[in-house]
Amino acid sequence: ISYKIMYYNPTITRPDLLERLYKFDEDLYTFARDNKIKNPRLRVEIVGSACLMLNEINIPATEDIDVIRMDKFVHEDFMIRHDINTRVQTMENYMPYNYQDRLVKFNIDTKIVDYYILSLEDAIVCKLVSARPKDDAHLEADNIADKIHWPTLKMCMEEMKLSLLNINDYKWMVNRYNNFVRRHNHEEVIIENI
């Protein structure tokens, strides 16, 4: 049995993802109204495969919506109902050091939630760092190379050196990164002399 079949069963397409984001917003709005919470706003930072989908990368589906941060407490029932999880919070040190500076507001018409997503370049670095089969498959999406700002991608990978506790991990990640940029004929952003 392959890793992919055993542990990964993506069913959420981009339309499903958008529907969940709208419904999550609607449910939280109703909760705030019913509990007389005045002028609430909630910031939600989306990472992972859902982030790639929202960056319009052609991956077929994801299994959930990974959220690195919510700035106010949201009961877990709300998140489970919409396939939202915060398990990735434990992996924040495997993200480019200044990723928060590059978060992009995902503009959809919401009542209470402001959604932010990683820059495409930060999301790609996270996929390179992960090195799971599903993440490697996402990095082969047919439109990914055309959307990357290659100098920013290099900067994001260089920032990983600041995030990690082990320099040997960084060397391994740079090797994966360099292979990725070579496959896409962007040798100008190779990282050397690490």
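Summarised in this report is the structure supplied together with it. (Residues numbered from 1 in each chain as written. Predicted model: local features only at pLDDT ≥ 70, side-chain atom pairs only at ≥ 80, totals over all residues. Heavy atoms only, no water.)

## A short note on the sheet that holds strand β4 (residues 104–106)
- Here we have five strands laid out as an open sheet, ordered β3-β2-β1-β5-β4, and mixed in their pairing. A single partner strand is all that each edge strand has here, and the edge strands are β3 (84–85) and β4.
- Two elements, strand β2 (residues 65–70) and β3, share two bridges in a ladder whose sense is parallel. Paired with D66 across the bridge in β3 is N85.
- In this fold helix α2 (residues 14–34) packs onto β1 (42–47), β2, β3, β4 and β5 (113–117), with an angle of close to 145 degrees to the strand it touches most, β5. (Pairing = 2+ DSSP bridges. Helix = DSSP H or I, 4+ residues; strand = E, 2+ residues; numbered from the N terminus. Contact = heavy atoms within 4.5 Å. Axes fitted to C-alpha atoms, helices over the stretch in contact; angles between N-to-C directions.)

## Brief notes about the packing of helix α5 (residues 120–130) against helix α9 (residues 167–183)
- Two elements in contact, α5 and α9, have axes whose closest approach is 9 Å; the angle formed by their N-to-C orientations is 120 degrees. One finds that α5 runs oblique with respect to α9. You can see that α5 and α9 cross each other, and the crossing is right-handed. Along the contact surface, α5 presents I124, K127, L128 and V129, while α9 presents W172, M173, R176, Y177 and F180. (Parallel < 35°, antiparallel > 145°, perpendicular 65-115°, else oblique. Left-handed = near helix turned anticlockwise from the far one by under 90°.)

## Quick look at the packing of α5 against helix α8 (residues 150–163)
- The contact between α5 and α8 brings their axes to 9 Å, and the two run at 50 degrees. In terms of orientation, α5 and α8 fall into the oblique class. Pair α5 / α8 crosses with right-handed handedness. Between α5 and α8, the residues in contact are E121, D122, I124, V125, L128 and V129 and T152, L153, C156, M157 and M160, respectively.

In short, geometric facts, not functional conclusions.
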